[in-house]
Every structure is written in structure tokens, then in C-alpha cells.
Amino acid sequence: MQIFDYQPPSIPWLDIRYKDRDIIVINKPAGLLANPGKAPATHDCAITRVQKLFPEAILVHRLDCDTSGIMVFARNKKAESHLKTQFQDRKTKKIYIAEVKGQVKDDTGTVDLSLSADKTNPPFQIVSEQGKSAITHYEVIERHPEHTLVKLMPETGRTHQLRVHMLALGNVILGDTFYADEATIALRARLSLHAQMLTITHPYTQKQRTFFSKHPFSD
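Residues numbered from 1 in each chain as written. Predicted model: local features only at pLDDT ≥ 70, side-chain atom pairs only at ≥ 80, totals over all residues. Heavy atoms only, no water.

A. Structural context of the environment of M153. Looking at the secondary structure, you find M153 in strand β10 (residues 147-154). On the accessibility criterion, M153 (21% relative accessible area) is partly exposed. Residues M153 and W13, 140 residues apart in the sequence, show an inter-C-alpha distance of 28 Å. Not counting chain neighbours up to four residues away, the residues in contact with M153 comprise K94, I95, T136, H137, Y138 and E139. (Helix = DSSP H or I, 4+ residues; strand = E, 2+ residues; numbered from the N terminus. Buried < 20%, exposed > 50% of the residue type's maximum accessible area, 1.4 Å probe, protein only. Contact = heavy atoms within 4.5 Å.)

B. Looking closely at the packing of aromatic side chains. If you walk through the whole model with that rule in mind, you get four aromatic pairs. Ring geometry for F124 versus F178: centroids 5.4 Å apart, planes at 75°, classification edge-to-face. On the criterion of sequence distance, the pair formed by F124 in the loop between β7 (115-117) and β8 (125-127) and F178 in the loop between α3 (161-169) and α4 (182-185) is long-range, its members being 54 residues apart. Like F178, F124 is buried. Measuring from centroid to centroid gives 6.3 Å for F178 and Y179, while their planes differ by 40°, and the two rings are tilted. The residue whose ring lies beneath R21 is Y204, and the NZ or CZ to ring-centre distance is 3.9 Å. For R209, the ring lying beneath its charged end belongs to Y18, and the centroid distance is 4.6 Å. (Phe/Tyr/Trp six-rings, centres within 6.5 Å; stacked < 30°, edge-to-face > 60°. Lys NZ or Arg CZ within 6 Å of the ring centre and 35° of its normal.)

C. View of a nonpolar patch on the surface. Together, W13, I16 and L53 line one region of the surface with nonpolar side chains, adding up to about 260 Å² of accessible area. Tracing the sequence through the fold places I16 in strand β1 (residues 16-19). Residue I16 is classed as partly exposed on the basis of its relative accessible area of 30%. (Patch = residues over 30% accessible without salt bridge, like charges linked within 9 Å, V, L, I, M, F, W, Y side chains within 5 Å. Areas by Shrake-Rupley, 256 points an atom, 1.4 Å probe, with all protein chains shown as cover. Salt bridge = Lys/Arg side-chain N within 4 Å of Asp/Glu carboxyl O.)

D. Just the pattern of salt bridges, in detail. For the structure on display, the rule yields twelve salt bridges. The partner of D64 in a salt bridge is R163, and the shortest N-O contact between them spans 3.2 Å. Linking D64 in the loop between β3 (58-59) and β4 (68-74) with R163 in helix α3, this pair joins segments that are 99 residues apart in sequence. Classification of D64 as partly exposed rests on a relative accessible area of 25%. The partner of D107 in a salt bridge is R143, with the nearest N and O atoms 2.8 Å apart. Here D107 is found in the loop between β5 (93-101) and β6 (108-112), whereas its partner R143 is found in strand β9 (residues 135-143), with 36 residues between them in sequence. Three or more residues joined by partner-sharing salt bridges are found here, namely D64, D66, R163 and D176.

E. How the structure looks around the nonpolar core. Of all hydrophobic cores here, the largest spans 33 residues; its most connected members are I26, V50, M71, F73, L152 and L193. At the level of secondary structure, the elements contributing two or more residues to this core comprise β2 (23-28), α1 (46-53), β4, β5, β9, β10, α3 and β11 (193-201). Setting aside anything within four residues of it in sequence, one finds L152 in contact with K94, I95, Y96, A98, T136, H137, Y138, L162, M166 and L193. Grouped together as the second largest cluster of nonpolar side chains are 13 residues, I70, V72, F87 and I200 included. (Core = buried A, V, L, I, M, F, W, Y, C linked by side-chain atoms within 4.5 Å.)

F. Helix α2 (residues 77-88), seen in detail. Given a rise of 1.5 Å per residue, twelve residues ought to cover 16 Å, and the 16 Å separating the end C-alpha atoms of α2 matches this to within 8%. For α2, every residue scored as buried is listed here: A79, E80, L83, Q86 and F87. The buried side chains of α2 occupy one side of the element, clustering within an arc of 130° when seen end-on. Pointing more than 90 degrees away from the buried face of α2 are the exposed residues K77, K78 and Q88. For α2, the secondary structure elements touched by its buried residues are β2, β3, β4, β5 and β11. (Expected span 1.5 Å × (residues − 1). Arc of directions from axis to C-beta.)

Structural data, given as C-alpha cells:
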């Protein structure tokens, strides 16, 4: 088990991209937990920062601590139920951008590998036929000599799904302190994974809304 040294970023403290009567959308920085853990030091996280301004805010979904990008929160129970159902029923559309090691073989493809928790080494995940279904579509954006910039479009939202699926392709995400070797971790100051776009059905208007945060990696 890895020792978790939590040092949440103070700048930006909270980057709100949209808010209305039902939802709040933020751009979460890398290094900030989505929700608190058991340790008192983890109380400073995305949901508690949002609740300091909007006490009624409710966590709907999560991003890994090391992943940056778009998160949506509900402002009432009806919106919470509506949004959680969308995530559970795979009605949302998510696009992530990642920098991965080496050259991804195909320009486009799909990774369909079930995942389960590694009970001997939490919070690691492993590919397992007895695990939960996990599907990720990918598309190469740019090829560089030592790495590839890819668009990742997950159908499911399993723990560490994108990390493990890229590892299974042979292209671990740069800066991944869980699954990469020391040399690959050292290539970046953070995990090179960003939740760039999220499309939901608005719980009140019933219209599709898309929220976007440009990835901070190379173009």
C-alpha cells in the first residue's frame, strides 16, 4: 500500500465554471481530492471547498485526486438523483486527455477489459475476467518521439480505469505514481490526465449541456 502524502493545491482554490439553481461545475486542479477520506488532513477537498460557498452542494461523481478537470455537483436532492442516474446508466459523455508513454499502436481503438480491486495491494486495480465491465475508447491526437497525446472516452467509470487500460495497451500515463516506473513518473510533475469535457442532461431544463476545460498538455 502506498503512503498518501496529501498536499492539496491552494491556487486555484476553487475554479467555478458554471452555476445555476440546480448544478455547480468546477475545474478541479490535480492534487485535490474529490471528497474527504478518514484522515483529518483530507477534509480540504473539492466538495468541502464548494460547500464553503454553497452549503447545499452534493457530490455526484468523482475524479481521482491526481486527475484535473470538469466536475459537476448538485444543489438539491432532485438534481442529485437525476445526475447520479445519468452516470449510473452511462447517459453522460466524458472526454479525457492524456499523455502516455511511447507510441500508441493504432490511431483509434477500444479497450474492453474488466477490472477488479487488487485486494492484496489497495487501491490498485487489476484486469480480471471476474471483474466489473470497463470500456474505454481512444483516439490519437498527436504523436511525439517519446510519448503520445490521446483522447480517452470511457463508457464506464471504474476506479483507475483509464490508468489500467492505458497500461494494458503498453502505454502507461506519464506521471502515474501508481502504475508507471520511476523513470516515467519523473517525466512529469503530475499525472498527465485531464477531464476535458463532460456532457450531461440538465436536471431541470432536460436539455443537454456540455462543459469544457482545455487540457494543460502539449498541442
